[in-house]
Amino acid sequence: MTQPRIHPETGQVLRRDARLQTVSVGSMSREVEVPGWYPEDDSDSIHSGAELQALDQAHLELRTAYAARVKAVRKKLGLTQEEAGRIIGGGRRAFQKYESGATPPSEAAVGLIEILDRHPEELETLRNLRSLAPREGVGGRLTPTGKRQTPATGVRNAAA
């Protein structure tokens, strides 16, 4: 049996163990068993780089799998990257990054992607909302008092 260690910062007693840790990307997750030095509670544990390799590998695999999922959902909906970026958010470049696995989508984008995958009929609802919403930088946005605010001019009266 391995002798316990003392955590260098917390002073807690650590014992050699392996525990399940959850890795998540988008709507996908996986549990990975990670060996290391653990305290009795869920506070700080200590791991070597080799011990964390399984977590890193699982994260990489999930990023790749979720990138493929984003692309599959977009194609299922018949959207271009540009249109998906406008409807779901983030723009065309964001969707390029989501689909390449370079950047995971925000939680809000993940929510919309998953809803649209399960309820593709809601695509029209989002299209309509996006076409009605004023675009900041193009025409500005409405303040709570009904005045239009643009980045260049500040607040001015809304056209009647």
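Here is what the cut-offs are and how they apply
Residues numbered from 1 in each chain as written. Predicted model: local features only at pLDDT ≥ 70, side-chain atom pairs only at ≥ 80, totals over all residues. Heavy atoms only, no water. Helix = DSSP H or I, 4+ residues; strand = E, 2+ residues; numbered from the N terminus. Polar contact = N/O pair within 3.5 Å; in protein donor to acceptor, adjacent residues only side chain to side chain. Contact = heavy atoms within 4.5 Å. pLDDT = per-residue confidence, 0-100. Pairing = 2+ DSSP bridges. Axes fitted to C-alpha atoms, helices over the stretch in contact; angles between N-to-C directions. Parallel < 35°, antiparallel > 145°, perpendicular 65-115°, else oblique. Nonpolar A, V, L, I, M, F, W, Y, C, P; charged D, E, K, R; others polar.

(A) The arrangement of the side chain of Glu-99 in detail. The topology assignment puts Glu-99 in helix 3 (residues 91–100). A polar contact of 2.4 Å, which involves the side chain of Glu-99, links it to the side chain of Arg-74. Apart from residues no more than four positions distant in its own chain, Glu-99 is found in contact with Ala-67, Val-70, Lys-71, Arg-74 and Gln-81.

(B) Here's a closer look at the confidence of the model for the protein chain. Here the protein chain averages 86 in pLDDT, and 81% of its residues register 70 or above. Low pLDDT (under 50) marks residues 136–140, which in the prediction has nine contacts with non-local residues, meaning those over four places away or in another chain. Within the model, pLDDT remains below 50 along residues 150–160, and this stretch shows 17 contacts once partners closer than five positions in the same chain are excluded.

(C) Structural context of the sheet that holds strand 3 (residues 28–38). Taken in spatial order, the three strands of this open sheet run 1-2-3, and their pairing is antiparallel. Each edge of the open sheet is held by one strand with a lone partner, namely strand 1 (5–6) and strand 3. Of the strand pairs in this sheet, strand 2 (residues 13–25) and strand 3 are connected by eleven bridges, and their pairing is antiparallel. Each residue of the ladder has a partner; that of Gln-21, found in strand 3, is Val-32.

(D) Broad picture of the packing of helix 1 (residues 53–76) against helix 3. For the pair helix 1 and helix 3, the least separation of the axes is 6 Å and the interaxial angle reads 125 degrees. Between helix 1 and helix 3, the angle is such that the two are oblique. Contacts from Ala-67, Val-70, Lys-71 and Arg-74 of helix 1 reach helix 3 at Phe-95, Tyr-98, Glu-99 and Ser-100. For the contact of helix 1 with helix 3, the residue count by class is four nonpolar, one polar and three charged.

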